[in-house]
Amino acid sequence: MPSGSLSVPPRVVDGSLLVSVLILLGTGIGGLLAGRTGQWWVMALHGIAGVVLVPLLVLKLRRVAPRVRSASPTVLPSLLLALITGLALMTGLAWTLGTGLDVGPFRPLVVHGALGVGVALLLIVHLRDRFRLPTRDDLADRRLALRYAALIGVGAVAWRTQPVVNRLRDVTPRRFTGSRETGSDGGNSFPVTSWVADDPDPVDPGSWSLRVDGLVQTPRTFDYKELVGERDGTGSDRETTLRAVLDCTSGWYSIHDWQGIRGAEVLAAAKPTDAARWVTFHSVTGYRWSVPIEEAQSVLLATHVDGVRLSHGHGFPLRLVAPGRRGFQWVKWIDRVEVRHRRDVGELVAIFVSGFV
Ligand SMILES: Nc1nc2c(c(=O)[nH]1)N[C@H]1C(S)=C(S)[C@@H](COP(=O)(O)O)O[C@H]1N2
Ligand SMILES: [Mo]
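Residues numbered from 1 in each chain as written. Chains lettered and ligands numbered in written order. Predicted model: local features only at pLDDT ≥ 70, side-chain atom pairs only at ≥ 80, totals over all residues. Heavy atoms only, no water.

A.B. asks: How should I be thinking about the site of ligand 1 in this particular structure?
C.D. replies: Around ligand 1, the structure places 22 residues, and the nearest of them are Pro-191, Thr-193, Asp-198, His-314 and Lys-332. Note that a nitrogen atom of ligand 1 is positioned 2.5 Å from one of the side-chain N or O atoms of Asp-198. At 3.0 Å from a nitrogen atom of ligand 1 is found a main-chain nitrogen or oxygen belonging to Trp-330. For ligand 1, the protein covers 99% of the area, taking 530 Å² as the surface of the free molecule. Taken together, the residues of the shell around ligand 1 break down into twelve nonpolar, seven polar and three charged. (Near = heavy atom within 4 Å. Polar contact = N/O pair within 3.5 Å; in protein donor to acceptor, adjacent residues only side chain to side chain. Areas by Shrake-Rupley, 256 points an atom, 1.4 Å probe, with all protein chains shown as cover. Nonpolar A, V, L, I, M, F, W, Y, C, P; charged D, E, K, R; others polar.)

A.B. asks: What is the right way to look at the pairing of strand β5 (residues 252-262) in this model?
C.D. replies: Each regular strand carries side chains that alternate between the two faces of the sheet. Counting buried positions along β5 yields eight of eleven residues, so the element is predominantly enclosed. Here strand β1 (residues 180-181) runs beside β5; their pairing, made up of two bridges, is parallel. Residue pairing in the sheet places Glu-181 in a bridge with Tyr-253 of β5. Pairing of strand β4 (residues 240-248) with β5, which is carried by nine bridges, proceeds in the antiparallel orientation. Opposite Thr-241, over in β5, you have Gln-259 as the bridge partner. Between the antiparallel neighbours β4 and β5 lie three residues, among them Gly-251 with a positive phi of about 110 degrees. (Buried < 20%, exposed > 50% of the residue type's maximum accessible area, 1.4 Å probe, protein only. Helix = DSSP H or I, 4+ residues; strand = E, 2+ residues; numbered from the N terminus. Pairing = 2+ DSSP bridges.)

A.B. asks: Just to check I follow, could you spell out the packing of aromatic side chains for this structure?
C.D. replies: Any two aromatic rings considered together are summarised by their centre-to-centre distance and by the angle between their planes. Under the definition given, this model contains seven aromatic pairs. Pairing Phe-190 with Trp-252 gives two aromatic rings, centres 6.2 Å apart and planes at 50 degrees, and the pair type is tilted. Pair noted here: Phe-190 is in the loop between β1 and β2 (209-214) and Trp-252 is in strand β5, with a separation of 62 residues, a long-range link. The two residues Phe-190 and Trp-252 agree in class, both being buried. Ring geometry for Phe-190 and Trp-258: centres 5.9 Å apart, planes at 85 degrees, overall edge-to-face. Pair noted here: Phe-190 is in the loop between β1 and β2 and Trp-258 is in strand β5, with a separation of 68 residues, a long-range link. Across this residue pair, the class does not change: Phe-190 and Trp-258 are buried. A connected cluster of aromatic rings, assembled from ring pairs, spans Phe-190, Trp-252, Trp-258 and Trp-330. If you follow Arg-175 out to its NZ or CZ, it ends over the ring of Tyr-253, 5.8 Å from the centre. Here the basic side chain of Arg-220 rests over the ring of Phe-222, its NZ or CZ set 4.6 Å away from the ring centre. (Phe/Tyr/Trp six-rings, centres within 6.5 Å; stacked < 30°, edge-to-face > 60°. Lys NZ or Arg CZ within 6 Å of the ring centre and 35° of its normal.)

A.B. asks: How do you make sense of helix α2 (residues 40-69) when you look at a structure like this?
C.D. replies: Each turn of an α-helix holds 3.6 residues, which means side chains three or four residues apart point in the same direction. For α2, which comprises 30 residues, the first-to-last C-alpha distance of 43 Å matches the rise-based estimate of 44 Å (1.5 Å per residue) to within 8%. The largest bend along α2 measures about 40 degrees and falls at Arg-63, with the proline Pro-66 one to four residues further on. (Expected span 1.5 Å × (residues − 1). Bend = angle between axes of the 7 residues up to and from the residue.)

A.B. asks: Explain a nonpolar patch on the surface here, please?
C.D. replies: Residues Trp-195, Val-345, Leu-348, Val-349, Phe-352, Val-353 and Phe-356 make up a contiguous nonpolar surface patch of about 680 Å² in total accessible area. Considering the arrangement of structural elements, one finds Leu-348 in helix α10 (residues 347-353). Looking at Leu-348, the relative accessible area reads 47%, which means it is partly exposed. (Patch = residues over 30% accessible without salt bridge, like charges linked within 9 Å, V, L, I, M, F, W, Y side chains within 5 Å. Salt bridge = Lys/Arg side-chain N within 4 Å of Asp/Glu carboxyl O.)

A.B. asks: I'm lost on the pattern of salt bridges in this one. Help?
C.D. replies: Should their charged atoms come close, side chains of opposite charge can pair. Summed over all chains, the structure comprises 15 salt bridges. With its nearest N and O atoms 2.6 Å apart, the salt bridge here joins Asp-247 to Arg-175. Within this pair, whereas Asp-247 is found in strand β4, its partner Arg-175 is found in the loop between α6 (142-168) and β1, the two being separated by 72 residues in sequence. We classify Asp-247 as buried; its relative accessible area is 1%. In this structure, Arg-220 engages Glu-226 in a salt bridge whose closest nitrogen and oxygen atoms are separated by 3.6 Å. According to the relative accessible area criterion, Glu-226 is partly exposed, its value standing at 32%.

A.B. asks: Got a minute to help me understand the sheet that holds strand β11 (residues 334-340) in this structure?
C.D. replies: Strand pairs in the sheet, formed through backbone hydrogen bonds, run parallel or antiparallel to each other. Spatially, β3-β2-β11-β6-β7 is the arrangement adopted by the five strands of the open sheet, whose pairing is mixed. The strands lining the two open edges of the sheet, one partner per strand, are β3 (220-223) and β7 (288-292). With strand direction ignored, the average angle separating the axes of adjacent strands in the sheet is 15 degrees. Where β2 meets β11, four bridges bridge the pair, whose relative direction is parallel. Opposite Arg-211, over in β11, you have Arg-336 as the bridge partner. Running at roughly 135 degrees to β3, helix α8 (residues 263-270) makes contact with β2, β3, β6 (278-283) and β11 of the sheet. (Axes fitted to C-alpha atoms, helices over the stretch in contact; angles between N-to-C directions. Contact = heavy atoms within 4.5 Å.)

Structure (structure tokens):
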């Protein structure tokens, strides 16, 4: 094996590239779900793997450059893969550093996610008849192991210093999820984020009601007055305030005092049966999400934010506030709380198609 700083065997480069990309895909998808502070490591791993990918990609491109110049049509998908991977890295970096690179209405984070999906698809094509595992000898090289350790170290240092750099440059800092703060404590003045077609007509609190049913002994219906009391402001008998972070996967977060009624209270009123394990929150649009029944006790069904009535866009008359869960699970315009034995897997489809059907 030739010595020198770049003498990494091709199979090892390829294997490492694959491992890095798999980590990036796994943590990229995992990051969309990570909402609790204990899950900070998901995006940390994502950032470190991104840094590690750069030199690996350089090694790979150097090696294949002669073949690319001899341009046979078979290299086209591979070139596309290299290009999309490069763009994914650039948009990821752009989001981290808070620079532009928006594509139309889409912020770099959203473009980055779309490119990531592209990388996954092209990688399957690329590896179909190329994949080879590194041999034992390839991996037994101690200097190589050291070089890798150093590379991961560089990635970790880059990840760690990045917030410091951003602070010096005066860019809005990011939460551990990668989101940037906007409109905190300002009532309804934070962004409205709904999926493409999930755009119901304003809900009339006079004819609206909340149904609590499923695995319960006494199904219940609450009208708006019963939930908020006569005063329709802060301070009805049942009202609770919960301070929680709404963190959207599209890259922003907002901290508020939410007012409403505890999950525990609506559930207790309906008396869940012994078989009750999950609670599904349904929107008038068909959008819905489930949480385990223990957690459902502590969520808030919010009617107000920072002491003012929720606006229509933010889910009036009732929206879910589920601390530690990402924004897409904070169902808006709730009209039904369903107690179930199993989690409702249909929700995974519902969040994408509600409003269309
Ligand atoms: N019914 C319904 N609830 C929904 C959505 C939706 O499209 N429909 N969007 C979700 C997403 S992706 C986020 S981030 C939050 C955003 O809440 P906001 O529009 O009040 O900011 O609501 C969630 N709840
Ligand atoms: Mo979102």
